[in-house]
Amino acid sequence: MPHSPEEKKKVLARVKRIRGQCDALERALEAGADCNPVLQQIAAIRGAVNGLMSEVMEAHLREEFGQPARSDAQRATRVAEMSSLIRSYLK
C-alpha cells in the first residue's frame, strides 16, 4: 500500500477514475448500448485496474525490499509473500 501522501493521493485518484469508468459502463448497459463501445469500456476498465495493481505492487516491492532483511527467515518470508502476490495478480 502506498504510504506517502503523494502516492496515496495518486492511487486514490486512479480509484476514482476507475469508479467513473464503471459508472459509465453501467449507464451504457442500462441504455442498451452496442457491443463495441461496451467491450471497449470493459477493456479500458481492465487496463485501469491492471495499472492500479501494478502501481500498488511496485510500492509494496519498494517497501518490502528497499531495506535489507534482518534474517534469512525474514528474507524467505518476504519472497514467499511476493511470490503469492504475483501468482494472484497473474490469474
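Residues numbered from 1 in each chain as written. Predicted model: local features only at pLDDT ≥ 70, side-chain atom pairs only at ≥ 80, totals over all residues. Heavy atoms only, no water.

S.K.: Would you take a moment to explain the overall build of the protein for this structure?
M.R.: The secondary structure content of the protein amounts to 3 helices and 0 strands. Reading the protein from its N end, one meets helices and strands in the order α-α-α. For the C-alpha atoms alone, the extent of the protein along its principal axes is close to 60 × 30 × 15 Å. The buried share of the protein, taken over its 91 residues, is 19%. (Helix = DSSP H or I, 4+ residues; strand = E, 2+ residues; numbered from the N terminus. Buried < 20%, exposed > 50% of the residue type's maximum accessible area, 1.4 Å probe, protein only.)

S.K.: Help me out: how do you make sense of the packing of helix α1 (residues 5-30) against helix α2 (residues 35-65) in this one?
M.R.: Between two packed helices, what matters for the description is the angle formed by their axes and the separation of those axes. Relative orientation of the contacting elements α1 and α2 amounts to 160 degrees, with a least axis distance of 10 Å. Classified by the interaxial angle, the pair formed by α1 and α2 is roughly antiparallel. α1 and α2 meet at a crossing whose hand is left-handed. Grouping the constituent residues of the contact of α1 with α2 by class yields 17 nonpolar, 3 polar and 5 charged. (Axes fitted to C-alpha atoms, helices over the stretch in contact; angles between N-to-C directions. Parallel < 35°, antiparallel > 145°, perpendicular 65-115°, else oblique. Left-handed = near helix turned anticlockwise from the far one by under 90°. Nonpolar A, V, L, I, M, F, W, Y, C, P; charged D, E, K, R; others polar.)

S.K.: Can you help me understand the pattern of salt bridges in this one?
M.R.: Where charged atoms of side chains with opposite charge meet at close range, the side chains can pair. Under the counting rule described, the total for this entry stands at 5 salt bridges. For E55, the salt bridge identified is with R14, shortest N-O distance 2.5 Å. With E55 in helix α2 and R14 in helix α1, this pair connects stretches of sequence that are 41 residues apart. With a closest N to O distance of 3.0 Å, E58 and R62 form a salt bridge. One end of the pair, E58, and the other, R62, are both in helix α2, 4 residues apart, so they sit about a helical turn from each other. Via salt bridges that share partners, E7, E58 and R62 belong to a single interconnected network. (Salt bridge = Lys/Arg side-chain N within 4 Å of Asp/Glu carboxyl O.)

S.K.: For this particular structure, what's the right way to read a nonpolar patch on the surface?
M.R.: Where nonpolar side chains cluster on the molecular surface, the patch consists of L61, F65 and V79 and spans about 230 Å² of accessible area. Structurally, the position occupied by F65 is in helix α2. Residue classification places F65 among the partly exposed positions, given a relative accessible area of 36%. (Patch = residues over 30% accessible without salt bridge, like charges linked within 9 Å, V, L, I, M, F, W, Y side chains within 5 Å. Areas by Shrake-Rupley, 256 points an atom, 1.4 Å probe, with all protein chains shown as cover.)

S.K.: Can you walk me through the environment of G32 in this structure?
M.R.: Along the chain, G32 falls in the loop between α1 and α2. The exposed category is assigned to G32, whose relative accessible area is 53%. Distance from G32 to H3, taken between C-alpha atoms, is 41 Å for residues 29 residues apart in sequence.

S.K.: Quick question: what am I supposed to make of α2 here?
M.R.: The α-helix advances 3.6 residues per turn, and as a result positions three or four apart in sequence lie on the same side. Taking 1.5 Å per residue, 31 residues should reach 45 Å; α2 reaches 44 Å between its end C-alpha atoms and fits that length. Every buried residue of α2 is listed here: V38, I45, A48, L52, E55, M57, A59, H60 and E64. Its buried side turned inward, α2 meets α1 and α3 (72-90). (Expected span 1.5 Å × (residues − 1). Contact = heavy atoms within 4.5 Å.)

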